[in-house]
Amino acid sequence: MHNTTLWRNLLGVEKTTIIDDVTFDEDTETVIADVRLNARTRPRCGKCHKPAPLYDGGDGPRRWRSLDLGTIPVYLDAQAPRVQCREHAVTVAKVPWARHDSGHTHTFDQQVAWLATACSKSAVVELMRIAWRTVGAIISRVWDDTAGRVDLFADLERIGIDEVSYKKGHKYLTVVVDHGTGRLVWAKSGKTKATLRSFFDQLEASQGGRCAQITHVSADGADWIQDVVAEKCPDVIVCADPFHVVKWATDVLDEVRRGAWNEARAGKEPVRGPGRPAVDAPETGKERAKKIKNSRYALWKNPEDLTEKQTTKLAWLAQTDPRLHRAYLLKEGLRTVFQMEYAEAKIGLERWLAWAARSRIHVMVELGRKIRRHQVRILAAIEHGLSNGRIESVNTKIRLLTRVAFGFRSPEALIALAMLNLGGHKPVLPGRR
């Protein structure tokens, strides 16, 4: 193998790149390779990659960081001529070893992106000898290139839509997941109708008629999701996520529990005689309030998961606070509806709604009205077996990535990291296939 071929492979450059010289700088302990484009290579715009005439020789040589040779950092030095592009005016010409406006080679970017999806933050920074914010910029560049090569919305029919918090101060990402593959399809900063509309606009722009190809959408009961889906995909079947529906009932149950706790705390203490209270003496308000407060997890848990102590607490509530126990039974009744077959669930949900309406618990009556408004979507979820289980799993992984991505300048870098990790397009190490 000739030296030129060897160095071209070691540096990760293409055949159109001429290597003039390779030197070792003893002062900085780095390898510096002087490279240039083959004279027969047609100049192209660095942004759109279209052929463009040369404008001038640029502002002098530039330097790009390449992969280390063993433990020694490597840099490529080359002239950076400018071209006159019809679309982007005067701009730096395209070079085959690096992306436009980047200080790193393709192979360097690729390895950093792979490490960011496979290793810890500290490992990437230590191994590649770069700042963590630089990692965010590299990930964004790699994802932009990847997104330009693949069809993100291919074969998209059944999707789940949700939001996930990525930062304090009510900062959210709107995410879309494909039910068929479980992959993250799209994400964007924000939690508004305009944010979600941009997804459907991109979906339609990718290929005409794709909004009409969406058959099912699962989501929580948020109006901003329902309104946009009805606007963009009027014929789609919308399914209310069972987890969120049961969570509504759990939240209402907790509100009833807090009310019972406050009533117990405010109750009058029974009059006691001198000495110790009798064994069968009535409980004080403070004692009763403490028991109600500690019954929270017993009320939340599924009956099959209760411990013996929690089962005893529920039996005590049934004897001492029928109203709170009735709210618990209503929550469990709603959960049971989602375990039924569609025909039975349709009847069961009607019976539950009637039960909630006559429960004489104001917040449960309000919950019944809310569920009545979403009844069609709830039954659709049961009929078609759709839930946001896949999207909740993706959201959990995004929360983990959020902790890893702490320090990125913008949510776009976090989104790029999430798409590379969860979108089915993980980077490949340089030289691997």
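What counts, and where the lines are drawn
Residues numbered from 1 in each chain as written. Predicted model: local features only at pLDDT ≥ 70, side-chain atom pairs only at ≥ 80, totals over all residues. Heavy atoms only, no water. Pairing = 2+ DSSP bridges. Helix = DSSP H or I, 4+ residues; strand = E, 2+ residues; numbered from the N terminus. Axes fitted to C-alpha atoms, helices over the stretch in contact; angles between N-to-C directions. Contact = heavy atoms within 4.5 Å. Buried < 20%, exposed > 50% of the residue type's maximum accessible area, 1.4 Å probe, protein only. Polar contact = N/O pair within 3.5 Å; in protein donor to acceptor, adjacent residues only side chain to side chain. Expected span 1.5 Å × (residues − 1). Arc of directions from axis to C-beta.

1. Quick word on the sheet that holds strand E1 (residues 17-25)
Thinking step 1. If you trace the 4 strands from one edge of the open sheet to the other, you get E1-E2-E5-E4, paired in mixed fashion. Single-partner strands in this sheet number two, and they are E1 and strand E4 (61-69). Neighbour-to-neighbour, the strand axes of this sheet turn through a mean angle of 25°, independent of strand direction.
Thinking step 2. Relative to strand E5 (residues 72-79), E4 is paired through 7 bridges, and the arrangement is antiparallel. The residue of E5 that forms the bridge with Leu-69 is Ile-72.
Thinking step 3. Packing against the sheet, helix H1 (residues 3-11) makes contact with E1, strand E2 (30-37), E4 and E5, and its axis sits at approximately 80° to E1.

2. Here's the deal with the side chain of Gln-310
Thinking step 1. Of note, Gln-310 is situated in helix H11 (residues 308-320).
Thinking step 2. On the basis of relative accessibility, which here comes to 14%, the residue Gln-310 falls in the buried class.
Thinking step 3. At 3.3 Å, the side chain of Gln-310 forms a polar contact with the side chain of Lys-301.
Thinking step 4. In this structure the side chain of Gln-310 is engaged in a polar contact, spanning 3.1 Å, whose partner is the backbone nitrogen of Thr-307.
Thinking step 5. For Gln-310, the residues in contact, after removing those within four places along its chain, are Tyr-297, Ala-298, Lys-301 and Asp-305.

3. As for helix H13 (residues 342-357)
Thinking step 1. Between its first and last C-alpha, H13 extends 22 Å over 16 residues, near the 22 Å set by a 1.5 Å rise per residue.
Thinking step 2. Here H13 has its buried residues at Ala-345, Gly-348, Leu-349, Trp-352, Leu-353 and Ala-356. With its buried residues spanning 140° around the axis, H13 presents them on a single face. H13 presents Ala-343, Arg-351 and Ala-357 as exposed residues on the side facing more than 90 degrees away from its buried surface.
Thinking step 3. Lining the buried residues of H13 we find helix H12 (322-337), helix H14 (362-373) and helix H15 (375-384).

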